Amino acid sequence: MIKASLGGLTTSSQGLGCMGMSEGYGPTSWDDAIDTIRRALDLGVTLIDTADAYAFGHKDE
């Protein structure tokens, strides 16, 4: 995985956007979301984009 520097942080160049893991796009599965995050981590993704505005912090858990 290619790395990038953001200020004082080093992270993966490719990130995982988590908005689709909330009800924003329709019904979701907690287990599928966890599996997706774990797979991304296994592949070297360290930039995981979440926001409290998505499902009231559901993904931040």
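As shown above, the structure is provided for reference.
Residues numbered from 1 in each chain as written. Predicted model: local features only at pLDDT ≥ 70, side-chain atom pairs only at ≥ 80, totals over all residues. Heavy atoms only, no water.

## Some thoughts on the overall build of the protein chain
Across its full length, the protein chain carries one helix and four strands. Listing every helix and strand of the protein chain by position from the N terminus yields β-β-β-α-β. Across the 61 residues that make up the protein chain, the buried fraction comes to 23%. Taking the intrachain contacts of the protein chain between residues at least 6 apart in sequence as the baseline, contacts between residues at least 24 apart amount to 56%. Element-wise, carbon and sulfur atoms account for 54% of the exposed surface of the protein chain, whose accessible area totals about 4400 Å². (Helix = DSSP H or I, 4+ residues; strand = E, 2+ residues; numbered from the N terminus. Buried < 20%, exposed > 50% of the residue type's maximum accessible area, 1.4 Å probe, protein only. Contact = heavy atoms within 4.5 Å. Areas by Shrake-Rupley, 256 points an atom, 1.4 Å probe, with all protein chains shown as cover.)

## What about the pairing of strand β1 (residues 3-6)?
Inspection of the sheet shows β1 paired to strand β2 (residues 9-12) by four bridges, in the antiparallel sense. From the neighbouring strand, S5 faces β2, where its bridge partner is T10. Linking β1 back to β2 in an antiparallel pair, the connection comprises two residues, with G7 at a positive phi of about 65 degrees. (Pairing = 2+ DSSP bridges.)

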